[in-house]
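Survey of secondary and tertiary structure
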Amino acid sequence: MNASGDIVRIFDTTMRDGEQAARINLNTGEKVQIARALERLNVDIIEAGFPASSKGDFEAVARVASEVRGPVIAGLARTKESDITAAAEALRGAARSRIHTFIATSAIHMEYKLRMTPDEVLRETAQAVKLARSITPDVEFSAEDASRSDMDFLAEVFTAAIENGAATLNIPDTVGYAMPYEFEEFCRAIIGRVNRPGVIWSVHCHNDLGLGVANSLAAVRAGARQVECTINGLGERAGNAAMEEIVMSLRTRKDHFGVDTKIDASKFFSTSKLVSGLTGVPVQPNKAVVGINAFAHEAGIHQHGMLCNKATYEIMTPESVGAPGTDLHLGKHSGRHAFSERVEQLGYQLTPEQSSAAFEYFKELCDKKKDVTDGDIEAFLLDRILSLTPEKRYELKDYAVTIGSGGKPTASITLAHDGAETTEAAVGNGPVDASYKAILKLLPFSPELAEFRIRATSELAEAVGEAHVILRYKEIKAQGRGASTDIIEATIRAYIEAVNRLYSAAAAREVAI
Ligand code: KIV
Ligand code: ZN
């Protein structure tokens, strides 16, 4: 047990490891929104992307580096010289930057993935860290698959990294294989064996067996003072350790860990919703800390206890993580100030132009429905204000859908493209199917519908409908969101947004459509 009162640095990798998760495709504007929310949360380091991996990633890291000044901005790089120079170039505008370079150290990764000998890995580590250090004073080195690596070899690699200038050494449990007690011992042993006071030990735990958070906490007990994690536990496969769970565990059980973080936990709920909205990955209702049921007490006996003393069933308060007590409804009498304040409380940071446009949409919505809920505001912010497709190739101009118990559903869609408007009609199994078939007739290519979801933004009968669509073309996936008081319009808008984003994603990856 540690009672030193140390600070554990929070290294967020939502936009790198989180975005790597197969279904997610964030664009630069969305990454900047998330980075600003992470800055408000007060994270220490934001890993904004992997600049050498694509033009889009490079651009996003460069934008975040130049616009988000509080946290250190990190870029990931393999040990290849071209990766390190790409990261350095993308990070050029940062107030404080970090190059995070990595290579695998486990026998299985070295033999089958890298096809390198341990000596080659050792040499490459030293060279890469030295090069990175010649560019920036803040260099982190990760030994990928560290938890399945030979301890003596790992110690040698970490020592070489430190001797060449790495200040942070990361021990990833890349495949989520470790058990907490075993990982604690492993981390303690490697830290002791390398024995370099002054360096910062970090961990990066994946969640394949649901132990990402437990392993991260175990590593803190062993001396790790940086934890790599993501909002909502997003990440490769089963995800990474969830930041909100780690931070609230350290805080709620400070008696046990004796350490804390600098995080403003009251921003967790809004940040979680923002990330969920932008990535399109829903948060499960019973998710720890940020699920909508995380503070709901259903059983009568629990409710009775809560009425007597909240501490009977609450180990942390909803306010401490920014969970909303009640969903405040706005309406046509709500002014610009009340609206802007609510938008900010929901975790969005809009430019003055975006804020004015959002207020106009809000007023339009108030003409259509009496109560505007938080869910409504979030849905139309995501669709109308933050749909940051760099180029809107196709725009919805008009639609008409007929359905009934008699004939087949029919849709007619008019799109604007290249300065001209064209209309096509189609029949389908339902109104959405008919609409999508009509749109496909207007496109020069045929993307595949990989995912489709619709939901109401609140429990009110007059709720806004929100649609989420993922389209796939070749190896590229893109998401689109649409919101409207008319659910069919929402689904059409979502599809067109995904088409536009497919074009942007293809351009960023240099894939022809
Ligand atoms: O899981 C992993 O090992 C990683 C490294 C690049 C840190 O993501
Ligand atoms: Zn990872």
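For clarity, every value in this text was computed on a predicted model and none was experimentally measured. (Residues numbered from 1 in each chain as written. Chains lettered and ligands numbered in written order. Predicted model: local features only at pLDDT ≥ 70, side-chain atom pairs only at ≥ 80, totals over all residues. Heavy atoms only, no water.)

A few points about the coordination of the zinc ion (ligand 2)
Each donor-metal-donor angle would ideally measure 109.5 degrees in four-coordinate tetrahedral geometry, or 90 or 180 degrees in six-coordinate octahedral geometry. The protein atoms that coordinate the zinc ion (ligand 2) are Asp 17 (OD), His 204 (NE2) and His 206 (NE2), at distances spanning 2.0 to 2.2 Å. The motif formed by the donor residues of the zinc ion (ligand 2), counted along the single chain, is D-x186-H-x1-H. Judged by relative accessible area, which is 4%, His 206 ranks as buried. (Donors = N, O, S within 2.8 Å, 3.2 Å for Na, K, Ca; no water. Buried < 20%, exposed > 50% of the residue type's maximum accessible area, 1.4 Å probe, protein only.)

Section: the site of ligand 1
Around ligand 1 sit Arg 16, Asp 17, His 100, Phe 102, Ser 142, Glu 144, Asn 170, Pro 172, Thr 174, His 204 and His 206, and those are all the residues in its vicinity. The contact in question runs from an oxygen atom of ligand 1 to an N or O atom on the side chain of Thr 174, over 2.6 Å. Within the side chain of His 206, a nitrogen or oxygen atom sits 3.0 Å from an oxygen atom of ligand 1. Contact with the protein chains removes 94% of the 260 Å² of surface that ligand 1 exposes when unbound. When contributions to the shell around ligand 1 are tallied by element, the ones reaching two or more residues are α1 (14–20), β4 (97–104), β5 (139–144) and β6 (168–173). Broken down by class, the residue content of the shell around ligand 1 amounts to 2 nonpolar, 6 polar and 3 charged. (Near = heavy atom within 4 Å. Polar contact = N/O pair within 3.5 Å; in protein donor to acceptor, adjacent residues only side chain to side chain. Areas by Shrake-Rupley, 256 points an atom, 1.4 Å probe, with all protein chains shown as cover. Helix = DSSP H or I, 4+ residues; strand = E, 2+ residues; numbered from the N terminus. Nonpolar A, V, L, I, M, F, W, Y, C, P; charged D, E, K, R; others polar.)

Points about the domain arrangement of the protein
By domain assignment, the protein separates into domain 1 (9–279), domain 2 (293–325), domain 3 (336–369) and domain 4 (395–508). Using C-alpha coordinates to define each centre, domain 2 is positioned 31 Å away from domain 3. (Domains from an automatic or database assignment.)

As for the environment of Lys 287
As for its position among the elements, Lys 287 is in the loop between α12 (268–279) and α13 (300–308). A relative accessible area of 8% means that Lys 287 is categorised as buried. Separated by 55 residues in the primary sequence, Lys 287 and Asn 232 place their C-alpha atoms 8.4 Å from one another. When neighbours within four sequence positions are excluded, Lys 287 is seen to be in contact with Asn 232, Ala 242, Glu 244, Glu 245 and Ala 294. A distance of 2.4 Å separates the side chain of Lys 287 from the side chain of Glu 245, its partner in a polar contact. (Contact = heavy atoms within 4.5 Å.)

Some words on the nonpolar core
Judged by nonpolar contacts, the single largest core of 115 residues is most densely connected at Phe 141, Phe 158, Ile 171, Met 243 and Phe 268. Counting residues per element, this core draws most heavily on helix α7 (residues 151–163), which supplies 9 residues. Sequence-distant contacts of Ile 171, that is, excluding residues within four places in its chain, are made with Ala 146, Phe 158, Phe 183, Phe 186, Cys 187, Ile 190, Trp 201, Ser 202, Val 203 and His 204. Listed in part, the 30 residues of the second largest apolar core include Ala 426, Ala 490, Tyr 495 and Ala 498. (Core = buried A, V, L, I, M, F, W, Y, C linked by side-chain atoms within 4.5 Å.)

Focus on the pattern of salt bridges
All chains considered together, the criterion is met by 38 salt bridges. Asp 17 is the salt-bridge partner of Arg 16, the closest N and O atoms lying 3.5 Å from each other. Like Asp 17, Arg 16 is buried. Across the salt bridge formed by Arg 98 and Asp 138, the nearest N and O atoms sit 2.9 Å from each other. With Arg 98 in strand β4 and Asp 138 in the loop between α6 (118–135) and β5, the pair connects residues that are 40 residues apart, well separated along the chain. Here Arg 98 matches Asp 138 in class, with each residue buried. Three or more residues are tied together by salt bridges with common partners; here these are Glu 30, Lys 392, Arg 481, Glu 497 and Arg 501. (Salt bridge = Lys/Arg side-chain N within 4 Å of Asp/Glu carboxyl O.)

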